[in-house]
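Inside the fold
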Amino acid sequence: MSEDSRNNIGASIEETRQKKMEEFKRGYDQNAIRGEYDDTTAGGVKSFTNDDGSVTSYSTDSTSLKRKKTVDEINSYSDSDTKKRIERDSKKELKQQRKEEKKIEKLKAKRNRRIFKLVWLSMVLIIGVMIAQYIMVGVNDLLGISRTDNPHTVTVSIPANPTLDDIANILQEKGVIERPKFFKMYANFTSNVEGFRQGEFKIDTNKDYEAIINLLQSNVNRTDIVTVQITEGMNMLEIADSLHENGVITDVQAFLDACNSNQFDEDFSFLKAITNVNNRYYKLEGYLFPDTYDFYVGEDPVTVIYKFLNNYENKVVLHKERYFGHKDKTTLTEEAAGTGYSMDEILTIASIIQAEAANKEDMYYISSVLHNRLDYGASEGVAMLNCDCTKYYPYRDEAAIPASVKGNFVSKYDTNTTKRIR
């Protein structure tokens, strides 16, 4: 066979093969469009027969079908009606897919809502139980129920100017309360934040909050009692120093300022009779009645002064005793009215006699001298009382004068330099 013959045969075979391939492709596309597939399916694979009798297999999984559908949609061999039908089917399938996705999303949202409600309800129940438990425990402590098993009495020391936190912590440490936060809440709710007193108190550990607060805001069951003796002849500064040394007052100046105020006038009418307030060092000079008193440690100066003035009123103004040698029972105020002197003047004279005399017998002699000078001194050329005890008043003597005023101190009570008492 010649070379040309062989070439012609080879070209004919190649041409035949190309035709077979084109027929195979056309057959595959047409069968795919018509849906003429072999129903035989095995292991997720389907087959169909081409026009030339050959068999083509393909995967039936969703990915392969979607890929094939995409190929079908862009197949240039499809006619326009077929393409429209395929587009409608694609949109329908996409719509169905979105519908299914929305349904799944709704199911998920519904499930999440149920979970949220369950968690929320659980949290509410837990918090509710905790709050109920806290309230029950707090109420038991408020009423003293939780402290009734082993009740006993303790001594509680409250400092000066305590805060509510100080009170609550001290009470907890002593076993009087168990819940300081609940105690503070109760005190705030009942407006009992202030008014707590300094001192030592005996408190039973089974008392309720109200009873505890009442005890700490009064002097009931206090154990820090101090007995102080105020003797005749003590001046105002000496009385203040004695109270301070015994712990009754913490601020001497606050006590002296209160003694020089008008805040007691409404309660004690005898103070209104004082006419020379501006000439006095302290308004209440002579009215802090000498006696033995029981005070509490760290008392308020006003409370201390009220105790002095109440005693003066009972002993001098109201109580009837034998004074000045009279045998009939009258008050000192009534007896002073017949002397020609005011009660305040008599107190001043008595204070000078007390300071000048060495003993009781000496008092009669000094009293006689003073009254002679008061009654006849002017006519006899004696204008001054000339009592040495008044030279350094309100101090006891020269040594007691503070260094800050000692150099130029002149007492306005000095009876050697000032006019006589009347």
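As a reminder, the structure under discussion sits directly above these lines.
My aim in this report is to walk through the structure given alongside it, one point at a time. (Residues numbered from 1 in each chain as written. Predicted model: local features only at pLDDT ≥ 70, side-chain atom pairs only at ≥ 80, totals over all residues. Heavy atoms only, no water.)

Check the secondary structure of the protein chain and you find 12 helices and 7 strands. Burial status across the protein chain gives 30% buried among its 422 residues. Sequence separation of at least 24 residues holds for 53% of the intrachain contacts in the protein chain that already meet a minimum separation of 6. When the accessible surface of the protein chain is summed, it comes to about 27,100 Å², and 52% of that surface belongs to carbon and sulfur atoms. (Helix = DSSP H or I, 4+ residues; strand = E, 2+ residues; numbered from the N terminus. Buried < 20%, exposed > 50% of the residue type's maximum accessible area, 1.4 Å probe, protein only. Contact = heavy atoms within 4.5 Å. Areas by Shrake-Rupley, 256 points an atom, 1.4 Å probe, with all protein chains shown as cover.)

Below, the discussion takes up the packing of helix 7 (residues 236-245) against helix 8 (residues 252-259). In a pair of packed helices, the angle between the axes and the distance between the axes together describe the arrangement. Contact geometry for helix 7 and helix 8: axes closest at 10 Å, N-to-C directions at 135°. Classified by the angle their axes make, helix 7 and helix 8 are oblique. Crossing of helix 7 over helix 8 shows right-handed handedness. Taking contact as the criterion, the partners of Met236, Leu237, Ala240, Asp241, Leu243 and His244 in helix 7 are, on helix 8, Val252, Phe255, Leu256 and Cys259. Each residue belonging to the contact of helix 7 with helix 8 can be placed in one class, and the counts come to 8 nonpolar, 1 polar and 1 charged. (Axes fitted to C-alpha atoms, helices over the stretch in contact; angles between N-to-C directions. Parallel < 35°, antiparallel > 145°, perpendicular 65-115°, else oblique. Left-handed = near helix turned anticlockwise from the far one by under 90°. Nonpolar A, V, L, I, M, F, W, Y, C, P; charged D, E, K, R; others polar.)

This next bit is on the nonpolar core. Leu243, Phe255, Leu271, Phe308 and Leu309 are the most contacted members of the largest nonpolar core, which has 49 residues in total. Looking at this core, the elements with two or more residues in it are strand 6 (225-229), helix 7, helix 8, strand 7 (292-296), helix 9 (301-318), helix 10 (332-337), helix 11 (343-356) and helix 12 (360-376). With sequence-adjacent residues up to four places away left out, Phe255 is seen in contact with Met236, Ala240, Leu243, Ile249, Leu288, Pro301, Val304 and Ile305. By size, the runner-up hydrophobic cluster in this structure holds 23 residues, among which are Leu142, Val156, Ile177 and Ile212. (Core = buried A, V, L, I, M, F, W, Y, C linked by side-chain atoms within 4.5 Å.)

Together, Lys108, Lys110, Arg111, Arg113, Arg114 and Lys117 make up a region of like positive charge exposed at the surface. Its place among the elements puts Lys108 in helix 3 (residues 80-143). Relative accessible area serves as the criterion here: at 46%, Lys108 is assigned to the partly exposed category. (Patch = residues over 30% accessible without salt bridge, like charges linked within 9 Å, V, L, I, M, F, W, Y side chains within 5 Å. Salt bridge = Lys/Arg side-chain N within 4 Å of Asp/Glu carboxyl O. Lys, Arg positive; Asp, Glu negative; His and termini not counted. Charge placed at Lys NZ, Arg CZ, Asp CG, Glu CD.)

On to the packing of aromatic side chains, then. Counting across every chain of the model gives 15 aromatic pairs. For the ring pair Phe295 and Phe308, a centre distance of 5.8 Å and an interplane angle of 50° mean the geometry is tilted. Here Phe295, found in strand 7, pairs with Phe308, found in helix 9; they are 13 residues apart in sequence, far enough to count as distant. These aromatic residues form a ring-pair network of at least three members: Phe264, Phe268, Phe270, Tyr287, Tyr306 and Tyr312. One cation-aromatic arrangement involves Lys412 over Tyr281; the distance from NZ or CZ to the ring centre is 4.7 Å. (Phe/Tyr/Trp six-rings, centres within 6.5 Å; stacked < 30°, edge-to-face > 60°. Lys NZ or Arg CZ within 6 Å of the ring centre and 35° of its normal.)

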